[in-house]
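Reading the structure
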Amino acid sequence: MQKPADCPCAHSAHADAFKTGSARAAELKLQPKMAACGRVPLILLLTSQCLCVFLTQGLKPAANVNVHPPVIAINRQLKIGASNPKRTTGWKLADEEACREDLTRLCPKHTWNNNLAVLECLQDRKEETEIATDCNHLLWNYKLNLTTDPKFESVAAEVCKSTISEDLHSQGEVIACLEKSLVREVEQQDQPHPIKEDCKKAIMRVAELSADDFHLDRYLYFSCRADRERFCENTQVGEGRVYKCLFNHKFEEAMSEKCRDALTTRQKLIAQDYKVSYSLAKACKADLRKYRCNLDNNLPRAREARLSYLLLCLESAVHRGRMVSGDCQGEMLEYRRMLMEDFSLSPEIVLHCRSEIEAHCSGLHRKGRTLHCLMRVGRGDKGLVDSLCQNALQALIQSADPGADYRIDRALNEACESVIQTACKHIRNGDPMILSCLMEHLYTEKMVEDCEHRLLELQYFISRDWKLDPVLYRKCQNDASRLCHTHGWNETSEMMPPGAVFSCLYRHAYRTEEQGRRLTRDCKVEVQRILHQRALDVKLDPELQKRCMTDLGKWCSEKTDTGQELECLQDHLEDLVSDCKDVVGNLTELESEDIQIEALLMRACEGVIQSHCHDVADNQIDTGDLMECLVQNKHQKEMNDKCAVGVTHFQLIQMKDFRFSYKFKMACKEDVLKLCPNIKKKVDVVVCLSTTVRNDTLQDVKEQRVSLKCRKQLRVEELEMSEDIRLEPELHDSCKKDINRLCSAITFGNAQVIECLKENKQYLSHMCHQKVFKLQETEMMDPELDYQLMRVCKQMIKRFCTESDAKNMLHCLKQNKNNELMDPKCKQMITKRQITQSTDYRLNPVLRKACKADIPKFCQNILNKASDDNELEGQVISCLKLKYTDQRLSSDCEDQIRVILQESALDYRLDPQLQLHCSEEITNLCAEEAAAQEQTGQVEECLKTNLLKLKRDACKKEVLNMLKESKADIFVDPVLHTACALDLKHHCAAVTPGRGRQMSCLMEALQDKRVRLQPECKKRLQDRIDMWSYAAKVAPAEGFSDLAVQVMTSPSKNYILLMIALAVCVLFLVGLLCGRIIKRVTRELKDR
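Notes on the structure in this doc start here. (Residues numbered from 1 in each chain as written. Predicted model: local features only at pLDDT ≥ 70, side-chain atom pairs only at ≥ 80, totals over all residues. Heavy atoms only, no water.)

In a regular helix each residue adds 1.5 Å, so 16 residues correspond to 22 Å; helix H29 (residues 578–593) covers 23 Å between its end C-alpha atoms and thus fits that length. The complete set of buried residues in H29 reads Cys580, Val583, Val584, Gly585, Leu587, Thr588, Glu589, Leu590, Glu591, Ser592 and Glu593. Structurally, H29 contributes buried residues whose contacts are with helix H25 (500–509), helix H26 (521–534), helix H27 (542–555), helix H28 (564–571), helix H34 (641–654) and helix H35 (662–675). (Helix = DSSP H or I, 4+ residues; strand = E, 2+ residues; numbered from the N terminus. Expected span 1.5 Å × (residues − 1). Buried < 20%, exposed > 50% of the residue type's maximum accessible area, 1.4 Å probe, protein only. Contact = heavy atoms within 4.5 Å.)

Dropping the structure here:
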């Protein structure tokens, strides 16, 4: 007879899409046996009417049939039933003498008419009380007959006739066919002949009745006889022990495919109804009742009967610290491991993830590998995944709860065994903190690649439900209820939005005492731990991944290395969509308060933290101190490239929003709202506040508008920004092309690029030149912002300038520049700053203040040509020098010009006008002197010596000005001053320096034959006289003051003064004589 096409059992050999070829072959061999819709024994046709009502009336045979009769008696009863097809009365278990006493004592009377109800009642109660031996024997035989007697086939044919078109025969294959059809219906939901509800109940009832003894599941018994002998020979029969033994060996290579298939079907039934597992139902019965996890006993396939519901309910009790028996927890552990090992036991995954399995995970069925493959697909590593499949995976992870014990996940356990043995050996085996330990060693040398993949795949789903981290859940459940209102939803209800509770927790984790409603200390520690772990991979943050999926694809598709995705999102913060921008902004703001969230950065910076920041790193509350410490020590020898790059990157991100600098935000938020509203970028806020502080300082206001705590933090931010040109976005953008052209070989950081731009200032573009000039003006007003100066001269500042104000630091260093203890590198840096100051009086705040009245009075014509952001190339200072020689400056200004003259006399580079007009002459005539490492006035002396050889008038004029200046003060002529130092001490000690007085003293001594000067001094003085004589010829006096200076400094001063006095006397006498004559003439005219 040919099989009908619509018989489910006809499809049993090929319906399961995930079976291996050997499994299919085994089932094809079984087809001759399973005459699923084939040969029908005559005896079944004769008894069909009798057994039609067997299920609905408790599987009732005729009244005079014994419950465990011999075959003859059964056949006899079948004949009786056949002779009276309309008979409705049936045989009842309650009527049997062997069980009457136990039935009366243990079972409600209303159940006596239903044989299956009586059977279930007695089977359940025999765990609590002793049942008569004969009754036990009766019940066992009844269950055996129920699954082996041909009468059940008639019941199945009648009750499930929409599923089975014709009768079946053979040992237990009817039940097997029905069970597989039931499982397929749940997995596929597109069966042409769905099984009726009462048929489903019957199938599950029979499976439950065979739960304690595997002999009662005839199909599994015959399929696994050889495997039982091979793997479970010493396992005692009863209480489901053989089932458990076979389950544990299911994926062994020696396990036959037929047995493996039968075991899988059994496991799938357990997943539908936990009562199909005798050991689980028995071990957890009291706990289920205690925690109200089994609300409706009349609905065995309702939600409460699902294995997943049982696991969720009892796991929730364990996580909350409630007592669940050890036996029950042991059983739960076995079945959680079972769910993780074989994805096909979860019908939702089979149903909703079919396409993902076929596309990405075929051939990976065993030991949880397919599930991990699906989890990897769910992470998005292999493209998009269907939402239903994603939800099914999340539900499975919730049920199995591998976060509580990593050993549940066999694939993870095997992959990470070596890492656990080395990195986590100090943690007890099976402790939930093992997973946390593995996360801490992610991307370290101890981690292996396979473990890394398995760990991230699992953590992706754990991160989407805070309850899956048992330590976090235990420490934070009260906080979640108090702050996040989670007390109103059931642990086993529909999932909360991914990450919703944890997002709430971490928002409260960093609140200040003033803001109130903070987390408890234990909970905060756990929240920080999770945040540290999530920072390792952007996909571990559900909210971030959800809102930034588009931006990740748009901006960061090529950034696939560890930690690069979040950095990429931060770099493109202004370009992100608003939802993503908010999430990334909030996360960055959180990192600014607790940089330890950046686990990768912390690992990279471990050395410098231990050496320089261990005090702040050990604090329970960070509040931005650790990042500030790292910035301050960014150039220590312990700092490696990875750490420096990470710290600088975070500094650059902080520039995008002042909220990203936690300490700055907390110190200045009120000032920002009051003084700089609507400004968001940190650099703009810093400029706004610093401008306010500077204006208030210049105006000497009684009360600063910026608060003291904000001014202190503002100073820290300004100092940090001076270290790297990239932290000054406006300057960096204006000079980007110049940097590429002039400073491409210079690395960022340590203000090296800024220093390069300063040294090449004459070659900069106009816009960059303006910005650099403004920067220099700011640094000269506040030398502490000059990062290179403060870095190079750090030790010298400690030695010479500990008591100096920050704004006078450069002035102090200049005063000690020629001290023998001065560091050469610092001295060189001071000289650079002096050269910069010499180019424009605005870059010398001390001079500017001292000469604020003299500059507009004497140099207004130069100021009229000046621009606000370009140097005057020393023109104003040269103007003041000339007025100094004329002795027309105010005393304060004169003092400052004297200092400048003395400094420039030692180093020609401090005289921009001389350098500008005499560049060729210096190169041609004084190259050797100019190349000297230490400048002590050699170039100036060379130019003076070669005065007659100078061809360009502009250069000659500058050299003559030097000569003129040296007349006014001998300190301006270092060569002469050195040569005549002893003579000055001996002969001019009482003469006050300045205004040419000491020079006049030496000239008088030179003329006095009684005074013997040092030969070198005498020679230098004679040279100066010759130079001055030549200068007088080449450049005559331009005014009376100039003439007076020349007379006073002339070697013939006394003669000239005598002649002038005689001339005055002669004029006086002439005038007197003329006056008398005129007076007499006038009187005579009047007398007439």
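After that view, the rundown keeps rolling.
To continue, consider the state of the cysteines. Applying the stated criterion across every chain yields a total of 27 disulfides. Across the disulfide from Cys548 sits Cys580; the S-S distance is 2.0 Å. On the sign convention where negative means left-handed, the S-S torsion of about 105° between Cys548 and Cys580 marks this disulfide as right-handed. Highlighted residues: Cys548 in helix H27 and Cys580 in helix H29, separated in sequence by 32 residues. Judged by relative accessible area, Cys548 falls into the buried class, the value being 0%. On the basis of relative accessibility, which here comes to 0%, the residue Cys580 falls in the buried class. (Disulfide = S-S within 2.5 Å.)

Glancing now at empty space enclosed by the protein. Roughly 190 Å³ of volume is contained in the largest cavity. Looking at the largest cavity, it is lined by 20 residues, and the ones nearest its centre are Gln459, Ile462, Asp469, Ile530 and Gln533. At the level of elements, helix H22 (433–440), helix H23 (449–462), helix H24 (470–484) and H26 are the ones that each hand at least two residues to the lining of the largest cavity. With four residues, the top contributor of residues to the lining of the largest cavity is H26. Counted by class, the lining of the largest cavity contains eleven nonpolar, five polar and four charged residues. (1 Å grid on protein atoms, 1.4 Å probe; cavity = no way out; pocket = protein on both sides within 12 Å on 5 of 7 lines; lining within 4 Å. Points joined across faces, edges and corners; volume = space filled by probe spheres on them. Nonpolar A, V, L, I, M, F, W, Y, C, P; charged D, E, K, R; others polar.)

It is worth spelling out the packing of helix H49 (residues 875–885) against helix H50 (residues 891–906) at this point. At a closest axis distance of 10 Å, the pairing of H49 and H50 adopts a crossing angle of 110°. Of the possible angle classes, the one that applies to H49 and H50 is roughly perpendicular. Across the interface between the two elements, Ile877, Leu880, Lys881 and Tyr884 from H49 touch Cys893, Glu894, Ile897, Arg898, Ile900, Leu901 and Ser904 from H50. Its residues assigned to classes, the contact of H49 with H50 comprises seven nonpolar, one polar and three charged. (Axes fitted to C-alpha atoms, helices over the stretch in contact; angles between N-to-C directions. Parallel < 35°, antiparallel > 145°, perpendicular 65-115°, else oblique.)

This next bit is on helix H54 (residues 938–945). Taking burial as the measure, the eight residues of H54 include six buried ones, the bulk of the element. For H54, every residue scored as buried is listed here: Val939, Glu940, Glu941, Cys942, Leu943 and Lys944.

Here we come to the nonpolar core. Membership of the largest hydrophobic core comes to 96 residues, with the highest contact counts inside it found for Leu307, Leu314, Ile349 and Leu438. Look past the residues within four positions of Leu438 in its chain and what remains in contact with it is Cys416, Val419, Ile420, Cys424, Met447, Cys451 and Leu455. Among the nonpolar cores identified, the runner-up in size contains 34 residues, and Val939, Leu950, Leu1006 and Trp1028 belong to it. (Core = buried A, V, L, I, M, F, W, Y, C linked by side-chain atoms within 4.5 Å.)

Tracing the sequence through the fold places Met627 in helix H33 (residues 625–632). Met627 sits in the buried class, given a relative accessible area of 4%. Separated by 35 residues in the primary sequence, Met627 and Ser592 have C-alpha atoms spaced 7.6 Å apart. Leaving out residues up to four positions away in the same chain, Met627 has contacts with Ile595, Leu601, Val647 and Phe650.

Taken together, the side chains of Tyr1055, Leu1058, Met1059 and Leu1062 present a nonpolar region at the surface, about 400 Å² in accessible area. Mapped onto the elements, Met1059 comes out in helix H61 (residues 1053–1087). Judged by its relative accessible area of 35%, Met1059 falls in the partly exposed class. (Patch = residues over 30% accessible without salt bridge, like charges linked within 9 Å, V, L, I, M, F, W, Y side chains within 5 Å. Areas by Shrake-Rupley, 256 points an atom, 1.4 Å probe, with all protein chains shown as cover. Salt bridge = Lys/Arg side-chain N within 4 Å of Asp/Glu carboxyl O.)

Another point: the side chain of Asp782. By secondary structure assignment, the location of Asp782 is in the loop between helix H41 (766–781) and helix H42 (787–792). The buried category is assigned to Asp782, whose relative accessible area is 6%. A distance of 2.2 Å separates the side chain of Asp782 from the side chain of Arg715, its partner in a polar contact. Apart from residues lying up to four places away in sequence, Asp782 is in contact with Arg715 and Lys807. (Polar contact = N/O pair within 3.5 Å; in protein donor to acceptor, adjacent residues only side chain to side chain.)

Here the focus is the environment of Arg521. Residue position: Arg521 is located in helix H26. A residue is classified by how much of its surface remains accessible, and Arg521, at 60% relative accessible area, is exposed. Through-space distance from the C-alpha of Arg521 to that of Ala509 is 9.0 Å; in sequence the pair is twelve residues apart.

This paragraph deals with unusual backbone geometry. Notably, Asp401 is not glycine yet its phi reads approximately 50°, a positive angle. Looking at the secondary structure, you find Asp401 in the loop between helix H20 (387–400) and helix H21 (410–423). Notably, Asn678 is not glycine yet its phi reads approximately 70°, a positive angle. Mapped onto the fold, Asn678 is located in the loop between H35 and helix H36 (682–698). Assessed through its relative accessible area of 83%, Asn678 is described here as exposed.

In total, this model carries seven aromatic pairs according to the counting rule given. Considering the side-chain rings of Tyr460 and Phe461, the 5.1 Å spacing of their centres and the 80° angle between planes classify their relative orientation as edge-to-face. For the pair Tyr460 and Phe461, one class covers both residues: buried. Grouping aromatic residues by their ring pairs yields a cluster made of Phe214, Tyr221 and Phe222. (Phe/Tyr/Trp six-rings, centres within 6.5 Å; stacked < 30°, edge-to-face > 60°.)

What follows deals with the packing of helix H40 (residues 752–759) against H41. Two numbers describe a pair of packed helices, the interaxial angle and the distance between the axes. Here H40 crosses H41 at 110°, and the two axes come no closer than 10 Å. On the basis of their axis angle, the class for H40 and H41 is roughly perpendicular. Of the residues in H41, those in contact with Ile754, Leu757 and Lys758 of H40 are Cys768, Val772, Leu775, Gln776 and Glu779. Of the residues belonging to the contact of H40 with H41, the class tally is five nonpolar, one polar and two charged.

Another aspect to go through is the pattern of salt bridges. Scanning the model with the defined rule gives 65 salt bridges in all. Its salt-bridge partner being Lys944, residue Asp973 comes within 3.7 Å of it at the nearest N-O pair. With Asp973 in the loop between helix H55 (953–968) and helix H56 (974–979) and Lys944 in helix H54, the pair connects residues that are 29 residues apart, well separated along the chain. Given the relative accessible area of 1%, Asp973 is considered buried. A relative accessible area of 4% means that Lys944 is categorised as buried. Here Asp1023 makes a salt bridge to Lys1019, at a shortest N to O gap of 3.5 Å. A residue pair is termed a helical-turn pair when its members lie 3 or 4 positions apart in one helix, as Asp1023 and Lys1019 do in helix H59 (residues 1015–1034) at four residues. A relative accessible area of 47% places Lys1019 in the partly exposed class.

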